[in-house]
Amino acid sequence: MNLSNITLDKGVKLQNQGDDLGARNIFRQLLKNGEDNVELLNRYAVTCMNMGDYDDAIESCLRSLVLAPDLIDTNINVGLAYYQSGDIREFKKFIQKSMELAPDREDIKDLW
């Protein structure tokens, strides 16, 4: 992979086109190169979840939450990744936090 052509925007474009593998490869390379921002971590987590790699998704979400602990969608995503991996206790913990951060969001209530 030509490193000079790797950008977050290219990964996002691939992700939006449904190319989770291509997007994941770009996001992973950016993370390996030392980029560590909330959008990158969250997008990487979503591609991991789409591909069934819940451990990487959880790790990426948790790294993102260190940078910005009150991101509602990240709390939802990590909760869903925990659910998919079979950890209901952690799922409930993160969905509860999401509900506290955004009590009026119906999509979160539907998860509970």
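Small disclaimer: the values here were computed from a predicted structure and weren't measured. (Residues numbered from 1 in each chain as written. Predicted model: local features only at pLDDT ≥ 70, side-chain atom pairs only at ≥ 80, totals over all residues. Heavy atoms only, no water.)

Draft legend 1. Highlighting the overall build of the protein. Secondary structure summary: the protein contains 7 helices and 0 strands in total. For the protein, the sequential pattern of α-helices and β-strands runs α-α-α-α-α-α-α. Each principal axis of the C-alpha atoms in the protein carries an extent, and together these give about 45 × 25 × 20 Å. By the burial criterion, 38% of the 112 residues in the protein qualify as buried. With the model as given, the accessible surface of the protein reaches about 6300 Å², and the carbon-plus-sulfur share is 49%. When the 13 positive and 19 negative side-chain charges of the protein are each reduced to one mean point, those points stand 3 Å apart. (Helix = DSSP H or I, 4+ residues; strand = E, 2+ residues; numbered from the N terminus. Buried < 20%, exposed > 50% of the residue type's maximum accessible area, 1.4 Å probe, protein only. Areas by Shrake-Rupley, 256 points an atom, 1.4 Å probe, with all protein chains shown as cover. Lys, Arg positive; Asp, Glu negative; His and termini not counted. Charge placed at Lys NZ, Arg CZ, Asp CG, Glu CD.)

Draft legend 2. Looking closely at the side chain of Ser60. Counting through the fold element by element, Ser60 comes out in helix 4 (residues 54-67). By relative accessible area, Ser60 is classed as buried at 3%. Apart from the residues lying within four places of it in its own chain, the contact partners of Ser60 are Leu41, Tyr44 and Ala45. (Contact = heavy atoms within 4.5 Å.)

Draft legend 3. Layout of the environment of Gly22. Along the chain, the position of Gly22 falls in helix 2 (residues 20-32). Note on Gly22: relative accessible area 16%, which makes it buried. Put simply, Gly22 and Val12 are 10 residues apart on the chain and 9.8 Å apart in space, counted from C-alpha to C-alpha.

Draft legend 4. Main features of the pattern of salt bridges. Tallying each qualifying case throughout the model produces 10 salt bridges. Of the charged contacts, one joins Arg24 and Asp53 as a salt bridge, the two residues approaching to 2.6 Å between their closest N and O atoms. In this pair, Arg24 sits in helix 2 while Asp53 sits in the loop between helix 3 (38-50) and helix 4, placing the two residues 29 residues apart along the sequence. Note that Glu106 is salt-bridged to Lys109, the shortest N-O span being 3.4 Å. With Glu106 and Lys109 both in helix 7 (residues 106-111) and 3 residues apart, the pair spans about one turn of that helix. Taking relative accessible area as the criterion, Glu106 reaches 48% and is therefore assigned partly exposed. (Salt bridge = Lys/Arg side-chain N within 4 Å of Asp/Glu carboxyl O.)

Draft legend 5. Spatial organisation of helix 3. If you check helix 3, its first and last C-alpha atoms are 18 Å apart, about what 13 residues at 1.5 Å a residue would give, namely 18 Å. Inspection of helix 3 places Leu40, Leu41, Asn42, Tyr44, Ala45, Thr47, Cys48 and Met49 among the buried residues, and these make up the whole buried set. The secondary structure elements touched by the buried residues of helix 3 are helix 1 (8-16), helix 2, helix 4 and helix 5 (72-85). One side-chain oxygen of the residue at the start of helix 3 lies 3.1 Å from the amide nitrogen of Glu39, identifying that residue as Asn37. At the C-terminal side of helix 3, Gly52 shows a positive phi close to 80 degrees. (Expected span 1.5 Å × (residues − 1). Polar contact = N/O pair within 3.5 Å; in protein donor to acceptor, adjacent residues only side chain to side chain.)

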